[in-house]
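Structure at a glance
Below, each chain spelled out in residue letters.
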Amino acid sequence: MKRIIAVAALVCLLVLSLCLTNPAWGKQEEPKVVLILIDRLSFQDIERASCPNITGLWNRGSAGLMNTRTLGAKDTDDACVTIGAGRMARSGPNELLGFDADEGYRFHQRRAGDLYQGLTGYNPGKHEVLLLNLPEIIAVNQEDSAKTVPGALGESLKQAGLKTCVLGNGDLPGVYRRNGVAVAMDALGLVDFGEVGEKCHVLSGRAPGTWETDYTFLWDRFRYYWDKSDFIVVELSDLTRLEAGEAALPDAFLRERQRLLHEIDFFVGEVSRQVNPLRDLLILVSPSPSQLDKDSKVTLTPLIVYGPGFEKGIIYSATTRRDYLAANLDIAPTILKFLGVKSSYLMEGREIETHAFIGENKLGEVAALFKETAFVNQLRAPLVKGYVGAEIVVLLLMLFVLFFTKQDKYARWVEFLVFALACVPLVLLVAPFIPVRNPVGFVGLTVVLLLAAVGTIFRAAGSSVLNRFLTIALLTVLLLDIDVITGCQLIKSSVLGYDPSSGARYYGIGNEYMGVLIGTTIIAATIAYQKWRNRFWLVGTGAFFALQVFILAAPNLGANAGGTIAALAAFALTVILMSGLRLRARTVLGIGLLVVCLVVLMAALDMQRPPELQSHIGRAANMIISGGWTEAYGIITRKLAMNIKLIRYTIWSRVFLVSLATLAVLLYRPHGVIKSIGEEYPYVLRGLVGVVTGAFVALVFNDSGIVAAATTTIFAASPLSCLTLTYMKGGARK
């Protein structure tokens, strides 16, 4: 009995000593969230192990990378407004003018609290921090969406009776940078507690004329506001100040960066010891990427979540549907869920989850994702521009050979090049298997692979143009179908896929390969029907088309809404043309009605799924239902603006125009050729009509429709060009 009493006393003594060591742990408090904004922190900083406290949180918590996309530039002020709104947003043309209420504005001529009341009509009351240019921020965001509410996170916390606090700034001499205010503020631009004024920084002793964070003052204020606040935002922007400062020699710059990282890391360590990992949530976010990462073509930044439910794992978000990757939109929903707050505001993000990490080196796996993304992004521009430029040159060369030279002498070589254009998407899809990670070597092996693929198909298919295109079309469709069904691993790693840094799409089939899939599906089906036409092949074609529509439309496979509309319209028209039915107005109306019914069905089915599993279609439908016609109008205008921008600036517009011009020329010249081809291969020609129709529908119903339209028309211009060249040589043999 005495032994039991002694053991019990010893346990009590240990618990008491633990509570005395960290007083915050001994109190029965409500959970708190601390969000530390370490702007311009690079994943490479963590990988180099120059931040032991941050690295420790990386290993103990859930970690990964964060997309930093906003409606504006990928800069800190836009990113912080986006984080605070929980949906895509932007700041105004000026810096975020956050101030302590009692702070003087512009050389102390007027108290910030009084100026705020004059600008907004609201009395800041006892709030200690405020955003002066809130009206400007609201105005620029309402231009994009009436449902975007800057400060939705802070407003939701205020409505739940929780208190907010913001500390720190990123000021430069003569420039206010109070970005953390946009994360903590409510819808009126007010924060309960905090310090963001001149006391937060001191004159740097290492770099004359510049400032850096006063970590002693910030730590003192953090402990002072700890008991008062439920949500604390700390802005640490010394790395941003360093990048914005005077140019320095590389070695000196790196030494100063290491010194600042050491200061930041020490502060993070102090905060991590203050929070209770069994009760509180600590989130480390880098709102915008470092210049080093931008130079590496990657704008993903490190993200660490540490606390209950986020132990020794990897982050996952329904926004991205990818391990190790979340979006800045997901920060606000994650904080609200942790604090048990239901927001009345429409947020695009989803709560961050943690997945168990099965392995030995979490840092190494994220490094692999980071480096693979950087490598693909470095290759994307030269390879895509090279492909687009080659297509334009080859199509123009084909027209030159067709009209101004002796076709028999050069036609076979030009035909080889034109056919190679149709093989490029398949080669770029399998290129990730190339083990070389040197850009020059990778490009060289990709070209070798392309030449080998074209040569093999030429040899296997003989002199038949139809057999060549049937082979490449079927192979492309088959591989794309398998890849989409198995998670799009090849598409994600292809230069014709989508970039997780851009955030335009994270899963499913992107617009580049969506256009390829539509074009190759129609070409494969119509060539097969041309060669073996009968009633059963027509039924099989319908089933083949239905399978492709399902792959594009299925929510669990990514649901490309614009691609579904384009595919259904193109496939339906192709089937009608193949069956010999006359195309009448009511037929076109019927196709349109079929498309509308399918899209509504897709949205209805997707909306029945849990929010974390919904695709873009389900989320858009929910936003329209919640926001009404104004939300629908906002979505349409954003997508239209994106399409117009891409049409004006992207190189894909030139491909689309050159392909259409080539098709237009071949319809009339050489005289009588298109008629002869139509008589010999009527179903193939009807298939080309379906391909062009799909391209135009994709152009209209996708926010980057010009890309899909360009990749689709490749499979109209290439077959018709090769058939014309072969006909001029003496006929396209079956």
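If you're wondering where the values come from, they're calculated on a predicted model, not measured in any experiment.

The next point concerns the overall build of the protein. The helix and strand inventory of the protein stands at 28 helices and 18 strands. Per-residue burial over the protein gives 57% buried out of 734 residues. Taking the intrachain contacts of the protein between residues at least 6 apart in sequence as the baseline, contacts between residues at least 24 apart amount to 76%. Accessible surface for the protein amounts to roughly 31,100 Å². Of this, 63% is attributable to carbon and sulfur atoms.

We now examine the packing of aromatic side chains. Counted by the stated rule, this structure contains 21 aromatic pairs. Measuring from centroid to centroid gives 5.5 Å for F43 and F370, while their planes differ by 35°, and the two rings are tilted. Here F370 lies in helix α15 (residues 362-404) and F43 lies in helix α3 (residues 43-47), a separation of 327 residues in the sequence. This pair shows no difference in class: F43 is buried, exactly as F370 is. Relative to F696, the ring of F656 has its centre 5.6 Å away and its plane inclined at 70°; by these criteria the two rings are edge-to-face. Note that F656 is positioned in helix α25 (residues 652-668) and F696 in helix α27 (residues 682-701), a separation of 40 residues in sequence. Residue classification places F656 among the buried positions, given a relative accessible area of 5%. Taking the relative accessible area as the measure of exposure, F696 reaches 39% and is therefore partly exposed. An aromatic cluster is built from Y215, W219, F222, W226 and F267, whose rings are joined through pairwise contacts. Just above the ring of F193 sits the side chain of K228; from NZ or CZ to the centre is 5.7 Å.

The next point concerns the packing of helix α18 (residues 465-485) against helix α21 (residues 535-553). Contact geometry for α18 and α21: axes closest at 11 Å, N-to-C directions at 40°. As for the relative orientation of α18 and α21, their crossing is left-handed in sense. Every residue of α21 that contacts α18 at V477, D481, V484 and I485 is listed here: F544, L547, Q548 and I551. Among the residues forming the contact of α18 with α21, the class breakdown is 6 nonpolar, 1 polar and 1 charged.

The topology assignment puts C165 in strand β7 (residues 164-167). For C165, a relative accessible area of 0% gives the class buried. In this structure, the C-alpha to C-alpha distance between C165 and I232, residues 67 residues apart in sequence, is 4.7 Å. Sequence-distant contacts of C165, that is, excluding residues within four places in its chain, are made with A184, V191, F193, G194, Y225, S229, F231, I232 and V233.

Further remarks concern the packing of helix α4 (residues 52-60) against helix α12 (residues 250-274). Where α4 meets α12, the axes come as close as 7 Å, and the angle between the chain directions of the two elements is 45°. It follows that α4 is oblique to α12 by the angle criterion. Contacts between α4 and α12 involve P52, N53, I54 and L57 on the former and, on the latter, D265, F266, V268, G269, S272 and R273. Tallied by class, residues from the contact of α4 with α12 come to 5 nonpolar, 3 polar and 2 charged.

With that settled, the discussion passes to α21. End to end, α21 covers 27 Å across 19 residues, agreeing with the expected 27 Å (1.5 Å per residue, within 8%). Those residues of α21 lying buried are T541, F545, Q548, V549, I551, L552 and A553.

Our focus in this paragraph is the sheet that holds strand β3 (residues 98-100). Adjacent strands of a sheet pair through backbone hydrogen bonds, lying either parallel or antiparallel. In spatial order, the strands read β3-β6-β8; together these 3 strands make up an open sheet with antiparallel pairing. Edge positions in the sheet fall to β3 and β8 (190-191), since each has one partner strand and no second. Alignment of strand β6 (residues 129-131) against β8, held across 2 bridges, turns out to be antiparallel. Of the residues in β8, the one forming a bridge with V129 is V191.

Here we come to a nonpolar patch on the surface. A surface patch of nonpolar side chains, about 540 Å² in accessible area, is lined by L397, F400, F403, F404, L417 and V665. Per-element tally for the nonpolar patch: the top contributor is α15, with 4 residues.

Ranked by size, the top nonpolar core spans 111 residues in total, and within it F419, F469, I491, Y513 and W652 carry the most contacts. Ignoring anything within four residues of it in the chain, the contact list for W652 reads V384, Y387, V388, L496, I706, V707, A710 and T711.

Bringing the side chain of N328 into the picture now. Inspection of the secondary structure assignment puts N328 in the loop between β17 (325-327) and α14 (331-338). Note on N328: relative accessible area 1%, which makes it buried. When sequence neighbours within four positions are dropped, the list of residues in contact with N328 reads M66, N67, T68, R69, T70, T82 and I83.

Burial analysis of strand β1 (residues 33-38) places 6 of its 6 residues in the buried class, which makes it a mostly covered element. Here β1 shows no split at all, with V33, L35 and L37 on one side and V34, I36 and I38 on the other all buried. With 5 bridges joining them, β1 and strand β13 (residues 281-285) adopt parallel strand pairing. Residue pairing in the sheet places L35 in a bridge with I283 of β13. Relative to strand β12 (residues 231-236), β1 runs parallel, the two being bridged by 6 bridges. Looking at β12, one finds that I38 is bridged to L236.

Calculation notes
Residues numbered from 1 in each chain as written. Predicted model: local features only at pLDDT ≥ 70, side-chain atom pairs only at ≥ 80, totals over all residues. Heavy atoms only, no water. Helix = DSSP H or I, 4+ residues; strand = E, 2+ residues; numbered from the N terminus. Buried < 20%, exposed > 50% of the residue type's maximum accessible area, 1.4 Å probe, protein only. Contact = heavy atoms within 4.5 Å. Areas by Shrake-Rupley, 256 points an atom, 1.4 Å probe, with all protein chains shown as cover. Phe/Tyr/Trp six-rings, centres within 6.5 Å; stacked < 30°, edge-to-face > 60°. Lys NZ or Arg CZ within 6 Å of the ring centre and 35° of its normal. Axes fitted to C-alpha atoms, helices over the stretch in contact; angles between N-to-C directions. Left-handed = near helix turned anticlockwise from the far one by under 90°. Nonpolar A, V, L, I, M, F, W, Y, C, P; charged D, E, K, R; others polar. Parallel < 35°, antiparallel > 145°, perpendicular 65-115°, else oblique. Expected span 1.5 Å × (residues − 1). Pairing = 2+ DSSP bridges. Patch = residues over 30% accessible without salt bridge, like charges linked within 9 Å, V, L, I, M, F, W, Y side chains within 5 Å. Salt bridge = Lys/Arg side-chain N within 4 Å of Asp/Glu carboxyl O. Core = buried A, V, L, I, M, F, W, Y, C linked by side-chain atoms within 4.5 Å.

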